Structures are given as structure tokens and as C-alpha cells.
Amino acid sequence: MEDTRARITKDGIRIYEDADFAGMRQAGRVAAEILDMVASHVKVGATTGQIDDFIREEIERRGVISATIGYKGYQHASCISANHVVCHGIPGSPIPASKHEKTPRGNDRLVDGDILNVDVTVIVDGWYGDTSRMYIVGTPKPFAMRLIDVTHEALMRGIAAVRPGNTFGDIGFAIQSFVEAQRMSVVRDFCGHGLGRVFHAPPNVLHYGRPGAEAVLEEGMFFTIEPMVNLGRPETKTLSDDWTAITRDKSLSAQFEHSIGVTATGCEIFTLSPANRFHPTWG
């Protein structure tokens, strides 16, 4: 439960205390460790349902809580978004055909060349650790690899803009200006968010914007930065399951997400990969 005595900015953003960083650090590490372990399960012939089963079992084994099971009726321990699924892909659901495939697959089995984002949020002693990263099945196509590299770099440029006195518009501008210079697009229909002892809270962290715009960053703010980048146009649509978001033009999409806290001199990333596997070609 949120502490009603906590300081809230005029923009509705909670300012956390120094001691709260330890809780976020622990939750972020657990989420990152689980995603490190997912890497060995992403292979040709595996299914997204099997990957989610592993994540659920690992969360239970650790004695922590999945933030997504039961959230607004969602019943899975992760979101797994393959190829042109932008976000909120449901494990076990058939992978829809992107513009690079001639016919729908009809199942959730991974094939050589697939790329996928796996998004996990856990609750550890009341603190939320939220992170996602990209994985490659077999050998990626060159344009898919470039998309992944650009998306990762966009996230890190956004994080580099985080320091007290800068604004959320500075974060968005750092991401947008880099991505568009690579002739790719930033999804505008979804954004990062505040978190801490709640899953979603102010602010909305947009991945596009103008320098100096939006709320000013202050030490003690906790939020995610999670840019979604498309090879084609930025528009998305949500499928009839009310969760799965895809690119309207069926072009490939990629996403990376970190949870961070603003410090006196910059920021701390709570969800760093202990095994250095955050990028699919590392580790």
C-alpha cells in the first residue's frame, strides 16, 4: 500500500526515499535474473507457451509474485511479443504473420529468424521489478538485427538523459531523434510509467518529445523507459483479444525496457542483467 505521507510533485509523481532504492534494486534483480534464464529456452521449435510456463515456475520457485497474473484478467506470467507484435503478446497464442511471412503460422512455435520481446514484472516484498528484452531465434535477418541494435541504443540514450533538472521531454527527444535518424519510427500508442509499490503510476514516460517539455526530473522518481521501435510506420492496432498490439503495416517491431530511479547525479538502473545478457548478442 502506498504511503499517504509520501511527497507527491505537482505532476502527481511520487518521490521515494533513499531507503526505497534497496527494495527496487532487489525486485529489479529478480526480474532480470529470470530473463537471463529465459535465453536458453528461446530456440527453434520452442513455443511461447512453454517459455511462459518456465517463467511462472521460476517465479513460484523463488517465492515471489507475478504482477501480471490476474492483472485486469490477464492470466500469464509474461508478455511475449514476436516479430511485428509491438507489445502485450499473449503466450500460447498463434504468432500472427508479419509482412515477411506468406501465410499465418497457426501456432506459437518459434522458427528460425524470429525475434521476440519477453516482458516480466515481479513483486518482491511489495516492490515491482519490471523489465523486458529482445531474443533471437536461430539466425536473425540483417534488418531485424539492425532494428534490435537501434532499439537498444535508443533505450540507452533515453536513460543517459535522466538526471535531476532535465525533463521527461528530454528523454523522449533523445529516443525519437536517434530512431528517426535511422529511418525507423517510435511507437506513440504505448509508453513507460511510474512504478514502485504499485505497477503503474504517474508519470507517463513518452518515447518522443521536445527538449525541456513535460515534468522536471527529481531525485527519488522511479519509472520505466521502454521504447518500442518499428521498421515501418509507428501506428499500431490491438487485436480482438484486447491485449495483443501489432504494427498496422505488419513491419517488425522491437522493444527494450529498464526500471530506473533518479539519483542526485543521474540514475540507477534496477534491472541490469547479472549475466550481461540484456542484449541478445551479449553473454
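Look above for the structure.
Residues numbered from 1 in each chain as written. Predicted model: local features only at pLDDT ≥ 70, side-chain atom pairs only at ≥ 80, totals over all residues. Heavy atoms only, no water.

Below, the discussion takes up the pattern of salt bridges. Within the structure shown, the criterion is met by 12 salt bridges. A salt bridge links R29 to E33; its shortest N-O distance comes to 2.9 Å. One end of the pair, R29, and the other, E33, are both in helix α1 (residues 20-38), four residues apart, so they sit about a helical turn from each other. Note that R62 is salt-bridged to E33, the shortest N-O span being 2.6 Å. (Salt bridge = Lys/Arg side-chain N within 4 Å of Asp/Glu carboxyl O. Helix = DSSP H or I, 4+ residues; strand = E, 2+ residues; numbered from the N terminus.)

For the rest of this paragraph, the subject is the packing of α1 against helix α2 (residues 48-62). Packing of α1 against α2 brings their axes to within 10 Å, and their N-to-C directions diverge by 140°. Taken together, the axis directions place α1 and α2 in an arrangement best described as oblique. Seen along the crossing, α1 lies across α2 with a hand that is right-handed. Counted together, V30, E33, I34, M37 and V38 of α1 and I51, F54, I55, E58, I59 and R62 of α2 form the full contact between these two elements. Of the residues in the contact of α1 with α2, the class split is eight nonpolar, no polar and three charged. (Axes fitted to C-alpha atoms, helices over the stretch in contact; angles between N-to-C directions. Parallel < 35°, antiparallel > 145°, perpendicular 65-115°, else oblique. Left-handed = near helix turned anticlockwise from the far one by under 90°. Contact = heavy atoms within 4.5 Å. Nonpolar A, V, L, I, M, F, W, Y, C, P; charged D, E, K, R; others polar.)

With that settled, the discussion passes to the state of the cysteines. A full pass over the atoms with the stated rule returns zero disulfides. Free cysteine C79: the closest other cysteine sulfur is in C87, separated by 7.8 Å. The exposure class of C79 is buried, given its relative accessible area of 10%. In this structure C267 is not part of a disulfide, and its nearest cysteine sulfur, from C191, lies 18 Å away. (Disulfide = S-S within 2.5 Å. Buried < 20%, exposed > 50% of the residue type's maximum accessible area, 1.4 Å probe, protein only.)

Next up on the list: the pairing of strand β16 (residues 258-262). β16 sits mainly inside the fold: five of its five residues count as buried. Residue alternation in β16 divides its side chains into two sets, H258, I260 and V262 and S259 and G261, and both sets are buried. Note: strand β11 (residues 222-225) against β16, four bridges, orientation antiparallel. Pairing of I225 across the sheet is with H258, part of β16. (Pairing = 2+ DSSP bridges.)

To continue, consider the pairing of strand β6 (residues 115-124). Summarising burial for β6: 10 of the 10 residues are buried, a large majority. Burial along β6 is two-sided: the face carrying I115, N117, D119, T121 and I123 and the face carrying L116, V118, V120, V122 and V124 are both buried. Bridge count between strand β3 (residues 65-66) and β6: two bridges; the pairing is antiparallel. When the bridges of β6 are listed, S66 appears paired with V122. Where strand β4 (residues 79-82) lies against β6, four bridges are found, and the strand directions are antiparallel. Its bridge partner being in β6, A82 is matched across the sheet by L116. Across 10 bridges, β6 lies against strand β7 (residues 127-136) in antiparallel orientation. When the sheet's bridge partners are listed, V124 is paired in β7 with W127. Counted along the chain from β6 to the antiparallel partner β7, the turn is two residues long, and its residue D125 has a positive phi close to 50°.

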